[in-house]
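One-letter residues, chain by chain:
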Amino acid sequence: MASNSTLAGNGSSETSTYKPRYIDIGINLADPIFRGHYHGKPRHPDDLAGVVQRAISVGCTKLIVTGSSFKSSRDALKIAQEFPQHVYTTAGIHPCSSSIFSTSHHMHHDESGS
């Protein structure tokens, strides 16, 4: 993905190698599919490390996993800890899940809940 280009503007004919850098701001690495599980059943070997490495190899050096529930935020944090310097996370609650903050909700602040 690197390309050679001539630096312009300073009269120099130096060439530099440009390597693009990207940030994926919404990669869903917490989905069990990357660990080889479809609908709760193992279907192929864990490929999470391979997915991260392939992203890095094409210039996507920062990957942000979005947490949208208590569980997915914890899962995203574990993945960020597994791949420091490349995987980062957010933590939050998707508006569709905001009812868990109601004191009448059966899983109100339950650690095991989604």
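Cut-offs applied
Residues numbered from 1 in each chain as written. Predicted model: local features only at pLDDT ≥ 70, side-chain atom pairs only at ≥ 80, totals over all residues. Heavy atoms only, no water. Pairing = 2+ DSSP bridges. Helix = DSSP H or I, 4+ residues; strand = E, 2+ residues; numbered from the N terminus. Axes fitted to C-alpha atoms, helices over the stretch in contact; angles between N-to-C directions. Contact = heavy atoms within 4.5 Å. pLDDT = per-residue confidence, 0-100. Buried < 20%, exposed > 50% of the residue type's maximum accessible area, 1.4 Å probe, protein only. Polar contact = N/O pair within 3.5 Å; in protein donor to acceptor, adjacent residues only side chain to side chain.

### A closer look at the sheet that holds strand β7 (residues 87-90)
Consider a sheet: its strands pair through backbone hydrogen bonds, and that pairing is either parallel or antiparallel. Strand order in the open sheet formed by 3 strands is β3-β6-β7, and the pairing between neighbours is parallel. A single partner strand is all that each edge strand has here, and the edge strands are β3 (22-24) and β7. Direction aside, the axes of adjacent strands within the sheet are offset by 20° on average. As judged from the 4 bridges shared by strand β6 (residues 60-66) and β7, these two strands associate in the parallel manner. Opposite Ile 64, over in β7, you have Tyr 88 as the bridge partner. Set on the sheet, helix α2 (residues 70-82) makes contact with β6 and β7; between it and β7 the angle comes to about 160°.

### With respect to the confidence of the model for the protein chain
Detailed conclusions should not be drawn from predicted coordinates in areas where pLDDT is low. Per-residue pLDDT for the protein chain has a mean of 82; in total, 79% of the residues score no lower than 70. Long-range and interchain partners of residues 1-7, a stretch whose pLDDT sits below 50, account for 21 contacts in this model, where long-range means more than four residues apart.

### Remarks on the side chain of Ser 72
As for its position among the elements, Ser 72 is in helix α2. Taking the relative accessible area as the measure of exposure, Ser 72 reaches 17% and is therefore buried. Engagement of the side chain of Ser 72 in a polar contact is seen with the backbone nitrogen of Ser 68, the distance being 2.7 Å.

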